[in-house]
Amino acid sequence: MKQYLAIDIGASSGRHIVGRLVGGKLETEEVYRFPNGNVQQGGHLVWDAERLFCEVKKGIAAAIAKCGKIDSLSIDTWAVDYVLMQGDKEIFPCYAYRDGRTERAVKEVHAVLPFEKLYERTGIQFQPFNTVYQLYADKLAGRLEKADGFLMLPEYLLYKLTGVKACEYTNATSTGLVNAKTHSFDAEIISALGLPARLFEKQIVQPGAEVGPLKEEIAAEVGGNMTAVLCATHDTASAVLAAPVASDFNSPYISSGTWSLLGIEQETAHTDPDSMRENISNEGGPRFTFRWQKNIIGLWMLQSARKELGLDFAEAEALARKNACGARVDCNDEIFLAPESMCAAVRERAGRLSDGQLLYCIYASLADCYRGALGAMEEKLGRKFQTLNVIGGGSKDRFLNELTAKAAGVRVVAGPAEATAIGNLMVQMIAGGELKDISEGREIVKNTFTLRSFE
(Lines give C-alpha, C1' and ligand atoms only; values in the text may rest on other atoms or scores of the structure.)
Protein backbone atom coordinates (compact mmCIF):
# COMPACT_ATOMS: atom_id res chain seq x y z
CA MET A 1 0.00 0.00 0.00
CA LYS A 2 1.42 3.36 -1.04
CA GLN A 3 1.65 6.19 1.47
CA TYR A 4 1.82 9.89 0.67
CA LEU A 5 2.78 12.86 2.84
CA ALA A 6 1.01 16.22 2.47
CA ILE A 7 2.82 19.11 4.13
CA ASP A 8 0.26 21.90 4.38
CA ILE A 9 1.56 25.16 5.82
CA GLY A 10 -0.80 28.01 6.62
CA ALA A 11 -0.20 31.48 7.98
CA SER A 12 -0.93 30.37 11.56
CA SER A 13 0.07 26.68 11.60
CA GLY A 14 1.51 23.83 9.59
CA ARG A 15 0.56 20.17 9.52
CA HIS A 16 1.97 16.94 8.11
CA ILE A 17 -0.73 14.48 7.03
CA VAL A 18 -0.11 10.98 5.73
CA GLY A 19 -2.69 9.68 3.28
CA ARG A 20 -3.43 6.28 1.77
CA LEU A 21 -6.21 4.69 -0.27
CA VAL A 22 -7.95 1.90 1.64
CA GLY A 23 -10.97 0.12 0.20
CA GLY A 24 -11.87 2.96 -2.13
CA LYS A 25 -11.73 5.56 0.63
CA LEU A 26 -9.10 8.09 1.61
CA GLU A 27 -7.52 7.44 4.99
CA THR A 28 -5.66 10.38 6.51
CA GLU A 29 -3.51 10.61 9.62
CA GLU A 30 -2.04 13.78 11.08
CA VAL A 31 1.48 13.01 12.29
CA TYR A 32 2.90 16.44 13.08
CA ARG A 33 1.69 20.00 13.68
CA PHE A 34 3.55 23.21 14.43
CA PRO A 35 2.70 26.89 14.98
CA ASN A 36 3.49 29.55 12.39
CA GLY A 37 3.24 33.31 12.17
CA ASN A 38 4.92 36.51 11.09
CA VAL A 39 7.89 37.81 13.05
CA GLN A 40 9.11 41.39 13.37
CA GLN A 41 12.53 42.10 11.90
CA GLY A 42 13.95 45.54 11.23
CA GLY A 43 10.52 47.13 11.36
CA HIS A 44 9.04 44.66 8.86
CA LEU A 45 6.89 41.54 9.01
CA VAL A 46 8.82 38.52 7.72
CA TRP A 47 8.63 34.73 7.67
CA ASP A 48 11.28 32.71 9.46
CA ALA A 49 11.94 30.52 6.43
CA GLU A 50 14.79 28.68 8.13
CA ARG A 51 12.57 27.67 11.05
CA LEU A 52 9.87 26.58 8.62
CA PHE A 53 12.38 24.30 6.91
CA CYS A 54 13.38 22.80 10.26
CA GLU A 55 9.72 22.12 11.05
CA VAL A 56 9.24 20.52 7.62
CA LYS A 57 12.11 18.12 8.33
CA LYS A 58 10.86 17.31 11.82
CA GLY A 59 7.45 16.42 10.38
CA ILE A 60 8.92 14.19 7.70
CA ALA A 61 10.91 12.34 10.35
CA ALA A 62 7.75 11.98 12.45
CA ALA A 63 5.85 10.58 9.46
CA ILE A 64 8.50 7.95 8.75
CA ALA A 65 8.83 7.00 12.42
CA LYS A 66 5.07 6.55 12.78
CA CYS A 67 4.01 5.18 9.39
CA GLY A 68 7.09 3.61 7.84
CA LYS A 69 7.93 3.98 4.16
CA ILE A 70 6.55 7.12 2.49
CA ASP A 71 6.37 7.00 -1.30
CA SER A 72 6.12 10.71 -2.03
CA LEU A 73 5.60 14.10 -0.43
CA SER A 74 4.55 17.55 -1.49
CA ILE A 75 4.27 20.99 0.10
CA ASP A 76 1.64 23.71 -0.24
CA THR A 77 1.52 27.14 1.40
CA TRP A 78 -0.23 30.46 0.92
CA ALA A 79 0.56 32.32 -2.30
CA VAL A 80 2.48 35.49 -3.32
CA ASP A 81 5.46 35.22 -0.91
CA TYR A 82 8.88 34.08 -2.09
CA VAL A 83 12.60 33.83 -1.38
CA LEU A 84 15.07 35.66 -3.60
CA MET A 85 18.02 33.51 -4.67
CA GLN A 86 21.61 34.17 -5.71
CA GLY A 87 22.70 30.83 -7.06
CA ASP A 88 22.24 28.40 -4.18
CA LYS A 89 22.19 31.14 -1.55
CA GLU A 90 19.11 32.84 -0.15
CA ILE A 91 18.76 36.60 -0.07
CA PHE A 92 16.87 37.05 3.17
CA PRO A 93 14.58 38.25 4.64
CA CYS A 94 11.54 36.48 3.26
CA TYR A 95 8.96 39.25 3.59
CA ALA A 96 5.41 38.45 4.65
CA TYR A 97 2.48 39.60 2.55
CA ARG A 98 1.00 41.54 5.47
CA ASP A 99 4.05 43.80 5.60
CA GLY A 100 3.39 47.33 4.32
CA ARG A 101 6.53 47.70 2.19
CA THR A 102 4.68 47.86 -1.16
CA GLU A 103 2.88 51.18 -0.64
CA ARG A 104 5.28 53.11 -2.85
CA ALA A 105 5.73 50.21 -5.25
CA VAL A 106 2.00 49.98 -6.02
CA LYS A 107 1.91 53.63 -7.09
CA GLU A 108 5.02 53.34 -9.22
CA VAL A 109 3.92 50.10 -10.90
CA HIS A 110 0.57 51.63 -11.83
CA ALA A 111 2.31 54.76 -13.13
CA VAL A 112 4.14 52.51 -15.60
CA LEU A 113 1.34 50.01 -16.25
CA PRO A 114 -2.15 51.03 -15.16
CA PHE A 115 -3.94 48.27 -13.28
CA GLU A 116 -6.39 47.95 -16.18
CA LYS A 117 -3.49 46.83 -18.37
CA LEU A 118 -2.17 44.40 -15.78
CA TYR A 119 -5.60 42.86 -15.28
CA GLU A 120 -6.27 42.57 -19.01
CA ARG A 121 -3.08 40.54 -19.42
CA THR A 122 -3.05 38.47 -16.22
CA GLY A 123 -6.58 38.47 -14.83
CA ILE A 124 -5.20 38.73 -11.29
CA GLN A 125 -7.12 40.95 -8.90
CA PHE A 126 -5.51 43.89 -7.15
CA GLN A 127 -4.05 43.22 -3.74
CA PRO A 128 -1.27 45.47 -2.41
CA PHE A 129 0.77 42.39 -1.53
CA ASN A 130 0.71 40.73 -4.97
CA THR A 131 4.15 39.43 -5.93
CA VAL A 132 4.46 41.92 -8.78
CA TYR A 133 4.42 44.77 -6.24
CA GLN A 134 6.68 42.93 -3.81
CA LEU A 135 9.29 42.35 -6.53
CA TYR A 136 9.07 45.99 -7.56
CA ALA A 137 9.60 46.97 -3.92
CA ASP A 138 12.70 44.74 -4.00
CA LYS A 139 13.85 46.58 -7.12
CA LEU A 140 13.43 49.95 -5.40
CA ALA A 141 15.39 48.67 -2.40
CA GLY A 142 18.22 47.30 -4.57
CA ARG A 143 17.53 43.72 -3.53
CA LEU A 144 17.33 42.46 -7.13
CA GLU A 145 20.83 43.54 -8.12
CA LYS A 146 22.40 40.27 -7.02
CA ALA A 147 19.37 38.01 -7.40
CA ASP A 148 19.32 35.57 -10.28
CA GLY A 149 16.00 33.93 -9.41
CA PHE A 150 13.24 33.58 -6.89
CA LEU A 151 11.31 30.65 -5.50
CA MET A 152 7.76 30.79 -4.22
CA LEU A 153 7.76 29.62 -0.61
CA PRO A 154 6.63 25.97 -1.14
CA GLU A 155 9.02 25.56 -4.05
CA TYR A 156 11.76 27.01 -1.88
CA LEU A 157 11.12 24.42 0.82
CA LEU A 158 11.06 21.65 -1.82
CA TYR A 159 14.36 22.98 -3.16
CA LYS A 160 15.88 22.79 0.30
CA LEU A 161 14.80 19.13 0.47
CA THR A 162 15.86 18.08 -3.02
CA GLY A 163 18.28 20.62 -4.49
CA VAL A 164 15.92 21.06 -7.47
CA LYS A 165 14.40 24.45 -8.30
CA ALA A 166 10.85 24.35 -9.68
CA CYS A 167 8.10 26.77 -10.66
CA GLU A 168 4.54 25.40 -10.32
CA TYR A 169 1.69 26.86 -12.37
CA THR A 170 -1.04 27.56 -9.79
CA ASN A 171 1.35 29.45 -7.54
CA ALA A 172 3.08 31.23 -10.42
CA THR A 173 -0.21 32.78 -11.51
CA SER A 174 -0.61 34.38 -8.08
CA THR A 175 2.40 36.58 -8.83
CA GLY A 176 0.37 38.79 -11.18
CA LEU A 177 3.09 38.25 -13.78
CA VAL A 178 1.73 35.25 -15.75
CA ASN A 179 -0.18 35.92 -18.95
CA ALA A 180 -3.69 34.41 -18.79
CA LYS A 181 -3.57 33.34 -22.43
CA THR A 182 -0.03 32.02 -22.83
CA HIS A 183 0.25 30.63 -19.24
CA SER A 184 3.85 31.89 -19.19
CA PHE A 185 5.54 34.82 -17.48
CA ASP A 186 4.54 37.96 -19.38
CA ALA A 187 7.66 39.39 -20.97
CA GLU A 188 5.95 42.70 -21.77
CA ILE A 189 5.05 43.35 -18.13
CA ILE A 190 8.48 42.26 -16.91
CA SER A 191 10.26 44.51 -19.41
CA ALA A 192 8.02 47.53 -18.80
CA LEU A 193 8.64 47.33 -15.05
CA GLY A 194 12.37 46.89 -15.49
CA LEU A 195 12.47 43.61 -13.60
CA PRO A 196 15.50 41.44 -14.48
CA ALA A 197 14.50 38.87 -17.10
CA ARG A 198 16.86 36.34 -15.48
CA LEU A 199 14.42 36.01 -12.56
CA PHE A 200 11.80 34.45 -14.84
CA GLU A 201 13.77 31.93 -16.88
CA LYS A 202 12.50 28.86 -15.00
CA GLN A 203 9.87 26.90 -16.96
CA ILE A 204 6.43 26.83 -15.36
CA VAL A 205 5.21 23.25 -14.87
CA GLN A 206 1.87 21.69 -14.00
CA PRO A 207 0.84 20.06 -10.71
CA GLY A 208 1.85 16.41 -10.63
CA ALA A 209 5.34 17.00 -12.00
CA GLU A 210 8.10 15.14 -10.20
CA VAL A 211 10.74 17.25 -8.45
CA GLY A 212 13.10 14.46 -7.40
CA PRO A 213 14.31 12.43 -4.40
CA LEU A 214 15.45 13.96 -1.15
CA LYS A 215 19.09 14.93 -0.93
CA GLU A 216 21.20 12.20 0.67
CA GLU A 217 21.92 14.25 3.77
CA ILE A 218 18.24 15.11 4.20
CA ALA A 219 17.21 11.47 3.79
CA ALA A 220 19.75 10.47 6.43
CA GLU A 221 18.48 13.17 8.79
CA VAL A 222 14.77 12.25 8.51
CA GLY A 223 15.28 8.48 8.38
CA GLY A 224 14.32 7.60 4.82
CA ASN A 225 13.97 8.75 1.24
CA MET A 226 10.98 9.47 -0.97
CA THR A 227 10.09 11.35 -4.14
CA ALA A 228 9.07 15.01 -3.95
CA VAL A 229 6.17 15.93 -6.23
CA LEU A 230 4.65 19.29 -7.09
CA CYS A 231 1.07 19.40 -5.86
CA ALA A 232 -0.96 22.53 -6.61
CA THR A 233 1.45 24.41 -4.34
CA HIS A 234 -0.90 27.37 -3.83
CA ASP A 235 -2.97 26.12 -0.91
CA THR A 236 -6.26 27.42 -2.29
CA ALA A 237 -5.68 25.55 -5.54
CA SER A 238 -5.10 22.34 -3.57
CA ALA A 239 -8.18 22.95 -1.44
CA VAL A 240 -10.45 23.46 -4.44
CA LEU A 241 -9.28 20.16 -5.94
CA ALA A 242 -10.80 18.45 -2.89
CA ALA A 243 -14.10 20.33 -3.09
CA PRO A 244 -16.90 17.75 -3.57
CA VAL A 245 -18.26 19.58 -6.61
CA ALA A 246 -19.02 18.49 -10.14
CA SER A 247 -16.17 19.13 -12.58
CA ASP A 248 -18.53 21.04 -14.87
CA PHE A 249 -17.39 24.63 -14.30
CA ASN A 250 -20.77 25.36 -12.69
CA SER A 251 -20.21 24.72 -8.98
CA PRO A 252 -19.20 27.62 -6.70
CA TYR A 253 -17.08 27.14 -3.59
CA ILE A 254 -15.64 29.01 -0.64
CA SER A 255 -12.21 27.94 0.55
CA SER A 256 -12.66 29.20 4.09
CA GLY A 257 -9.68 29.87 6.30
CA THR A 258 -7.61 32.91 7.25
CA TRP A 259 -8.77 34.15 3.86
CA SER A 260 -12.11 33.31 2.27
CA LEU A 261 -11.80 32.57 -1.44
CA LEU A 262 -15.18 32.43 -3.14
CA GLY A 263 -15.20 31.32 -6.73
CA ILE A 264 -15.98 28.88 -9.48
CA GLU A 265 -13.70 26.88 -11.78
CA GLN A 266 -13.63 28.08 -15.39
CA GLU A 267 -12.05 26.91 -18.62
CA THR A 268 -10.88 30.41 -19.59
CA ALA A 269 -10.03 33.58 -17.70
CA HIS A 270 -12.50 36.47 -17.40
CA THR A 271 -10.34 39.55 -17.92
CA ASP A 272 -13.20 41.87 -18.85
CA PRO A 273 -13.84 45.30 -17.26
CA ASP A 274 -16.78 44.00 -15.18
CA SER A 275 -14.61 41.33 -13.53
CA MET A 276 -11.91 43.91 -12.94
CA ARG A 277 -14.33 46.34 -11.28
CA GLU A 278 -15.53 43.56 -8.99
CA ASN A 279 -11.85 42.76 -8.29
CA ILE A 280 -12.42 39.09 -9.13
CA SER A 281 -9.24 37.13 -9.73
CA ASN A 282 -8.37 34.45 -12.27
CA GLU A 283 -5.89 32.16 -10.53
CA GLY A 284 -4.52 29.15 -12.31
CA GLY A 285 -5.74 25.62 -11.76
CA PRO A 286 -4.45 22.27 -13.04
CA ARG A 287 -4.55 21.70 -16.80
CA PHE A 288 -4.50 25.48 -17.41
CA THR A 289 -7.97 26.00 -15.95
CA PHE A 290 -8.79 29.01 -13.78
CA ARG A 291 -10.34 29.69 -10.41
CA TRP A 292 -12.46 32.78 -11.04
CA GLN A 293 -12.68 33.93 -7.45
CA LYS A 294 -13.02 36.79 -5.01
CA ASN A 295 -10.56 37.16 -2.12
CA ILE A 296 -12.27 38.16 1.13
CA ILE A 297 -10.24 38.76 4.30
CA GLY A 298 -12.18 35.97 6.00
CA LEU A 299 -11.66 34.25 9.33
CA TRP A 300 -8.62 36.44 10.02
CA MET A 301 -11.06 39.01 11.38
CA LEU A 302 -12.73 36.52 13.72
CA GLN A 303 -9.43 34.97 14.79
CA SER A 304 -7.95 38.35 15.63
CA ALA A 305 -11.04 39.58 17.50
CA ARG A 306 -11.34 36.34 19.51
CA LYS A 307 -7.68 36.56 20.52
CA GLU A 308 -8.11 40.14 21.70
CA LEU A 309 -11.24 39.29 23.67
CA GLY A 310 -9.73 36.17 25.20
CA LEU A 311 -12.47 33.90 23.85
CA ASP A 312 -12.25 30.44 22.38
CA PHE A 313 -14.18 29.52 19.24
CA ALA A 314 -17.29 28.21 21.04
CA GLU A 315 -17.46 31.18 23.42
CA ALA A 316 -17.20 33.69 20.57
CA GLU A 317 -19.89 31.95 18.52
CA ALA A 318 -22.27 31.77 21.49
CA LEU A 319 -21.74 35.46 22.30
CA ALA A 320 -22.32 36.49 18.69
CA ARG A 321 -25.56 34.47 18.46
CA LYS A 322 -26.97 36.36 21.46
CA ASN A 323 -26.11 39.82 20.12
CA ALA A 324 -27.60 40.21 16.66
CA CYS A 325 -27.36 43.78 15.37
CA GLY A 326 -27.56 45.70 12.11
CA ALA A 327 -23.95 46.91 12.02
CA ARG A 328 -21.92 45.85 8.98
CA VAL A 329 -18.43 46.55 7.62
CA ASP A 330 -16.68 45.96 4.31
CA CYS A 331 -14.47 42.98 5.09
CA ASN A 332 -12.13 43.90 2.24
CA ASP A 333 -11.38 47.33 3.72
CA GLU A 334 -7.57 47.54 4.02
CA ILE A 335 -7.98 48.68 7.63
CA PHE A 336 -8.59 45.02 8.53
CA LEU A 337 -5.48 43.65 6.80
CA ALA A 338 -3.01 44.02 9.69
CA PRO A 339 -4.43 46.34 12.39
CA GLU A 340 -2.85 46.67 15.81
CA SER A 341 -6.34 46.01 17.19
CA MET A 342 -9.00 44.27 15.10
CA CYS A 343 -11.69 45.26 17.60
CA ALA A 344 -10.70 48.91 17.36
CA ALA A 345 -10.66 48.73 13.56
CA VAL A 346 -14.18 47.25 13.44
CA ARG A 347 -15.49 49.87 15.87
CA GLU A 348 -13.84 52.62 13.81
CA ARG A 349 -15.90 51.53 10.82
CA ALA A 350 -19.11 50.31 12.53
CA GLY A 351 -19.42 52.59 15.55
CA ARG A 352 -19.84 51.78 19.24
CA LEU A 353 -20.54 48.07 19.66
CA SER A 354 -20.51 45.71 22.61
CA ASP A 355 -18.14 42.75 22.35
CA GLY A 356 -21.03 40.47 21.35
CA GLN A 357 -22.31 42.93 18.74
CA LEU A 358 -18.80 43.31 17.35
CA LEU A 359 -18.51 39.56 16.86
CA TYR A 360 -21.96 39.36 15.29
CA CYS A 361 -21.01 42.25 13.00
CA ILE A 362 -17.97 40.35 11.75
CA TYR A 363 -19.96 37.16 11.17
CA ALA A 364 -22.79 38.93 9.36
CA SER A 365 -20.41 41.12 7.35
CA LEU A 366 -18.59 38.05 6.08
CA ALA A 367 -21.89 36.47 5.04
CA ASP A 368 -22.86 39.68 3.24
CA CYS A 369 -19.51 39.75 1.43
CA TYR A 370 -20.11 36.16 0.30
CA ARG A 371 -23.59 37.09 -0.93
CA GLY A 372 -22.25 40.07 -2.87
CA ALA A 373 -19.45 38.13 -4.55
CA LEU A 374 -21.74 35.24 -5.45
CA GLY A 375 -24.34 37.64 -6.84
CA ALA A 376 -21.76 39.35 -9.05
CA MET A 377 -20.70 35.99 -10.47
CA GLU A 378 -24.31 34.95 -11.06
CA GLU A 379 -24.98 38.17 -12.94
CA LYS A 380 -21.86 37.81 -15.07
CA LEU A 381 -22.53 34.15 -15.94
CA GLY A 382 -26.30 34.57 -16.32
CA ARG A 383 -27.26 31.81 -13.92
CA LYS A 384 -28.55 31.26 -10.39
CA PHE A 385 -26.57 28.97 -8.12
CA GLN A 386 -28.46 26.64 -5.82
CA THR A 387 -25.56 25.25 -3.81
CA LEU A 388 -22.36 26.70 -2.34
CA ASN A 389 -19.64 24.31 -1.15
CA VAL A 390 -17.62 25.52 1.84
CA ILE A 391 -14.31 23.74 2.34
CA GLY A 392 -11.36 24.22 4.68
CA GLY A 393 -11.20 24.95 8.39
CA GLY A 394 -13.99 27.52 8.19
CA SER A 395 -16.42 24.83 7.05
CA LYS A 396 -16.67 23.82 10.73
CA ASP A 397 -18.17 27.21 11.69
CA ARG A 398 -21.89 26.40 11.91
CA PHE A 399 -22.98 29.98 12.64
CA LEU A 400 -21.17 31.42 9.63
CA ASN A 401 -22.58 28.66 7.43
CA GLU A 402 -26.10 29.42 8.65
CA LEU A 403 -25.74 33.16 8.04
CA THR A 404 -24.22 32.55 4.61
CA ALA A 405 -27.06 30.26 3.53
CA LYS A 406 -29.62 32.83 4.67
CA ALA A 407 -27.86 35.86 3.18
CA ALA A 408 -27.04 34.28 -0.19
CA GLY A 409 -30.21 32.22 -0.57
CA VAL A 410 -28.34 28.99 -1.28
CA ARG A 411 -27.87 25.59 0.29
CA VAL A 412 -24.45 25.52 1.94
CA VAL A 413 -22.65 22.16 1.86
CA ALA A 414 -19.79 22.18 4.37
CA GLY A 415 -16.67 20.01 4.29
CA PRO A 416 -14.12 18.58 4.17
CA ALA A 417 -12.23 20.66 6.73
CA GLU A 418 -8.75 19.46 5.70
CA ALA A 419 -9.40 20.15 2.03
CA THR A 420 -5.98 21.61 1.31
CA ALA A 421 -4.09 18.54 2.53
CA ILE A 422 -6.58 16.27 0.74
CA GLY A 423 -6.05 18.12 -2.56
CA ASN A 424 -2.31 17.88 -2.02
CA LEU A 425 -2.65 14.10 -1.52
CA MET A 426 -4.93 13.74 -4.56
CA VAL A 427 -2.31 15.16 -6.92
CA GLN A 428 0.33 12.86 -5.47
CA MET A 429 -1.99 9.86 -5.89
CA ILE A 430 -2.61 10.81 -9.52
CA ALA A 431 1.15 11.14 -10.06
CA GLY A 432 1.60 7.78 -8.29
CA GLY A 433 -0.92 6.05 -10.56
CA GLU A 434 -3.52 5.29 -7.86
CA LEU A 435 -6.07 7.84 -9.08
CA LYS A 436 -7.09 8.39 -12.67
CA ASP A 437 -7.95 12.09 -12.43
CA ILE A 438 -9.38 14.85 -10.24
CA SER A 439 -13.00 13.75 -10.84
CA GLU A 440 -12.24 10.32 -9.41
CA GLY A 441 -10.56 11.97 -6.44
CA ARG A 442 -13.62 14.12 -5.77
CA GLU A 443 -15.87 11.07 -5.81
CA ILE A 444 -13.63 9.45 -3.21
CA VAL A 445 -13.90 12.62 -1.09
CA LYS A 446 -17.71 12.38 -1.23
CA ASN A 447 -17.58 8.74 -0.19
CA THR A 448 -15.07 9.31 2.60
CA PHE A 449 -16.05 12.46 4.48
CA THR A 450 -19.26 13.50 6.22
CA LEU A 451 -20.63 16.66 4.63
CA ARG A 452 -23.12 18.92 6.44
CA SER A 453 -25.90 20.90 4.83
CA PHE A 454 -27.32 24.32 5.82
CA GLU A 455 -30.44 25.81 4.25
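Residues numbered from 1 in each chain as written. Predicted model: local features only at pLDDT ≥ 70, side-chain atom pairs only at ≥ 80, totals over all residues. Heavy atoms only, no water.

Let's talk about helix α12 (residues 313–321)
Next up, step 1: Inspection of α12 places A316, E317 and A320 among the buried residues, and these make up the whole buried set. Along the axis of α12, the buried positions cluster into a sector of 95°, meaning they face one direction only.
Next up, step 2: Residues of α12 that are buried make contact with α11 (299–309), α14 (355–381) and α15 (398–408).
Next up, step 3: For α12, the N-terminal capping position is held by D312, with its side-chain oxygen 3.2 Å away from the main-chain nitrogen of A314. (Buried < 20%, exposed > 50% of the residue type's maximum accessible area, 1.4 Å probe, protein only. Helix = DSSP H or I, 4+ residues; strand = E, 2+ residues; numbered from the N terminus. Arc of directions from axis to C-beta. Contact = heavy atoms within 4.5 Å. Polar contact = N/O pair within 3.5 Å; in protein donor to acceptor, adjacent residues only side chain to side chain.)

Some thoughts on the sheet that holds strand β9 (residues 94–95)
Next up, step 1: On the basis of which strands lie adjacent, the open sheet formed by three strands has the order β4-β5-β9 and antiparallel pairing. What marks the edges here is a single partner per strand, and that holds for β4 (39–41) and β9.
Next up, step 2: With three bridges connecting them, β4 and strand β5 (residues 44–47) associate as antiparallel partners. Across the sheet, residue Q41 finds its bridge partner in β5, namely H44. (Pairing = 2+ DSSP bridges.)

Brief notes about the pairing of strand β16 (residues 289–296)
Next up, step 1: Of all eight residues in β16, eight are buried; the element is thus mostly enclosed.
Next up, step 2: Alternating residues of β16 divide into T289, R291, Q293 and N295 and F290, W292, K294 and I296, and every residue in both groups is buried.
Next up, step 3: The sheet contact formed by strand β14 (residues 260–266) and β16 spans seven bridges and is antiparallel. The residue of β16 that forms the bridge with I264 is W292.

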